[in-house]
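# Structural overview for review
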Amino acid sequence: MARGQLNSGSKAEAELPKAKINKQSLHKIGRLLSYIRPYRTKFLGGLFFLILSSLVGLAFPGFFGALIDASQGIQRYKFMPATLGGIGKIAIVVLFLQGFVSFFRITWFVQVAENALAALRRDTYFRLVTLPMNFFANRRVGELNSRISADLSQIQDTLTTTFAEMIRQIIIMIGGIILLAVVSIKLTAALLIVLPFLIGIAIFFGKYIRTLSRQAQDQLAESNTIVEETLQGIANVKAFVNEAFEAGRYQKNLQQVVNIAVKGAKYRGLFGAFIVFCLFGTIFCEIWYGSYLVSIHDHGMTFGKLTTFIIYAAFISAAMGSLPDLYANMQKAVGASERVLEILDETGEDVSIDASQNAIKEKLEGNLSFNNVVFAYPSRSELTVLKDVSFSAAAGQRIAIVGPSGSGKSTMAALILQFYHPQSGTIQFDGRDANEFALTDIRNQVAIVPQDVMLFGGTIKENIAYGKLSASDDEIIAAAKKANADQFITSFPEGYDTVVGERGVKLSGGQRQRIAIARALLKNPAILILDEATSSLDSESERLVQEALEVLMKGRTSVIIAHRLSTIREADKIIVLEKGTIIETGSHQQLMENQQGLYRYLSQLQYEVQ
Ligand SMILES: Nc1ncnc2c1ncn2[C@@H]1O[C@H](COP(=O)(O)OP(=O)(O)OP(=O)(O)O)[C@@H](O)[C@H]1O
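We now turn to the structure provided with this report. For clarity, every value in this text was computed on a predicted model and none was experimentally measured.

### So, the overall build of the protein chain
- A tally of regular secondary structure across the protein chain gives 20 helices and 10 strands.
- Whereas a compact globule of 610 residues would reach a radius of gyration of roughly 25 Å, the protein chain reaches 35 Å, over 25% beyond that.
- Structurally, the protein chain occupies a C-alpha span of about 120 × 55 × 55 Å along its principal axes.
- Within the protein chain, the proportion of its 610 residues that are buried is 43%.
- Restricting to contacts in the protein chain with at least 6 residues of sequence separation, those with at least 24 account for 76%.
- Per element, the accessible surface of the protein chain, about 31,600 Å² overall, is 60% carbon and sulfur.
- Charged side chains of the protein chain number 60 positive and 55 negative; the gap between the two group centres comes to 10 Å.

See below:
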């Protein structure tokens, strides 16, 4: 499914495909409607008021006609006064009733829809974040984001507006036709012959104009993507003096927007002319014929009746005209519901939406072992990334994993965190299979300090507290001090309340890593994974980070994925990985003694470079 990027919302919305409305899709919508169940009393109340207000709305043309007839001394309805004042008083009461009913119908519907949608949004989002890593391998962020935003907004629109509007228009149409027939069978027959024909043509025009405006929207979104790309890579644009090229690219796209818009305008103009000619022509003919019937007093035809008739005719045409649009919106909502249900129907990981359920149930001591682990990523099953990998680390030991790029080091970290599961072999914690533990118990007691630290847009304090949401200010500061981060944090005017820019751009690489270390310290894990944590830092930064890491590693099992071999000499065990196979294991000393070994070769290579 091609879908717009994260920032091109209009395109994402414009491209939402429709789905057929059939028994199966209605069943799916029914499942989503279960979100309304907690608010069913209000929903049914709103529905009742909706029907009532539509029926009351149908009374107004009758009032207008009665007023005109009363001005000529004719009593239109037996149950209504024959004077203008008398009719006016009844009209005021009905207007108040209509206002009252409309108020509750609108507010109740919106309350129900907003609450139900918030619950659906929350569940969809929660399911999305608890889906296994593999789910995200083949999906684009833009596509998933548009399910949460565009698809759910479409469902929201349908629940708050389209659904109610459809019921209202159907009541107006059917009620209107019945009342028309009561006023004059002849006029109604004449109208019902012409109206569907006119509306058919209007729908045809409308559809084509909508297609063009969707194309224009897509084209505009395309232009916005050019702006976005250019601004993101502005340094490149300038360095290659490609400003004129980019402006030309943008201009070309804009010209296409103009072309489509102009084409649309021609059809709109034609449509306008058609409306003026046919619709007004029909009304003119109806009034002309109606006036003739008044003049010959056919079946007691009066000007009041004729007015009532014309207004009902306008009501019915408007209702008929709006139904195709409303139906199209319903179709879109069905498509959107199907896509949202696709997410809800996926099996999530075993994490509860109730945070207290995710608390640690069994403490880990920190013993870790891989036993004959064979692993291929589900999205690339033909490539076996880890081949029969076995190693063990006793609680508190430091294990280093080294090896060339692509040999599978980060994959081992992902397996420890249970992001994926081996095809064969086992991963054990404290001598027991990982599957015997609650998933949250393992993840709560394993911390990772990655090379590329991801910070959230909040404050420094919030970012550190991400390791332990319940941490007090004192705990946060203590962790930052241990992580060598307190000094740089307090040098900011707002200290711990400094807002970190998007993805932490206000902080240097080393500072971000020390925040990640403070975060990991707060988490107080039994097992720590350091993924090439110091490889991108200058020597001063590296010293500060290294010191912080020493504090962090104390008393825990540490798995250090390292490119710089100088940082892992003290490790209890070094595992050398090549193309997913462990080819050497031992201490630095032992591995250096192996004259033909890869470790010795890589070490020597690094010394030469340094
Ligand atoms: N999510 C993924 N889906 C499919 N294949 C992947 C995925 N992540 C990594 N791989 C593949 O698995 C192999 C091992 O990758 P991994 O990232 O574990 O290597 P690495 O030793 O950590 O490399 P580097 O030192 O460059 O980070 C590579 O061939 C890589 O292309």
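There is more to say after this.
### Thoughts on the pattern of salt bridges
- If you walk through the whole model with that rule in mind, you get 11 salt bridges.
- Here Arg339 ties to Asp151 by a salt bridge, and the two come within 2.9 Å at their closest N and O atoms. Of this pair, Arg339 sits in helix H11 (residues 303-344) while Asp151 sits in helix H7 (residues 141-183), and the two are 188 residues apart along the sequence.
- If you follow the salt bridges from partner to partner, you end up with Glu229, Glu246 and Arg249 in one network.

### A few points about unusual backbone geometry
- Of note, Asp430 is a non-glycine position whose phi angle comes to about 50°, a positive value.
- Overall, the relative accessible area of 23% leaves Asp430 in the partly exposed class.
- Even without glycine at this site, Asn484 takes up a positive phi of about 60°.
- Within the secondary structure layout, Asn484 lies in the loop between helix H15 (473-482) and helix H16 (486-491).
- Exposure remark for Asn484: the relative accessible area of 22% places this residue in the partly exposed category.

### Considerations on the layout of surface pockets
- Empty space within the second largest pocket amounts to approximately 340 Å³.
- Residue lining of the second largest pocket: 19 residues in total, with Ile29, Leu33, Thr158, Leu159 and Met330 positioned closest to the centre.
- Elements with a minimum of two residues in the lining of the second largest pocket: helix H2 (23-33), helix H5 (84-130), H7 and H11.
- Of the residues contributing to the lining of the second largest pocket, the split by class is 17 nonpolar, 2 polar and no charged.

### Notes on the sheet that holds strand E1 (residues 368-375)
- As summarised here, the arrangement of the 4 strands in space is E2-E1-E4-E5, forming an open sheet in which the pairing is antiparallel. Where the open sheet ends on each side, the last strands, each with one partner, are strand E2 (386-393) and strand E5 (432-433).
- Pairing geometry for strand E4 (residues 424-429) and E5, over 2 bridges, is antiparallel. The partner of Gln428 across the bridge, within E5, is Asp433.

Conventions used here
- Residues numbered from 1 in each chain as written.
- Predicted model: local features only at pLDDT ≥ 70, side-chain atom pairs only at ≥ 80, totals over all residues.
- Heavy atoms only, no water.
- Helix = DSSP H or I, 4+ residues; strand = E, 2+ residues; numbered from the N terminus.
- Rg over C-alpha atoms; globule rule 2.2 N^0.38 Å.
- Buried < 20%, exposed > 50% of the residue type's maximum accessible area, 1.4 Å probe, protein only.
- Contact = heavy atoms within 4.5 Å.
- Areas by Shrake-Rupley, 256 points an atom, 1.4 Å probe, with all protein chains shown as cover.
- Lys, Arg positive; Asp, Glu negative; His and termini not counted.
- Charge placed at Lys NZ, Arg CZ, Asp CG, Glu CD.
- Salt bridge = Lys/Arg side-chain N within 4 Å of Asp/Glu carboxyl O.
- 1 Å grid on protein atoms, 1.4 Å probe; cavity = no way out; pocket = protein on both sides within 12 Å on 5 of 7 lines; lining within 4 Å.
- Points joined across faces, edges and corners; volume = space filled by probe spheres on them.
- Nonpolar A, V, L, I, M, F, W, Y, C, P; charged D, E, K, R; others polar.
- Pairing = 2+ DSSP bridges.

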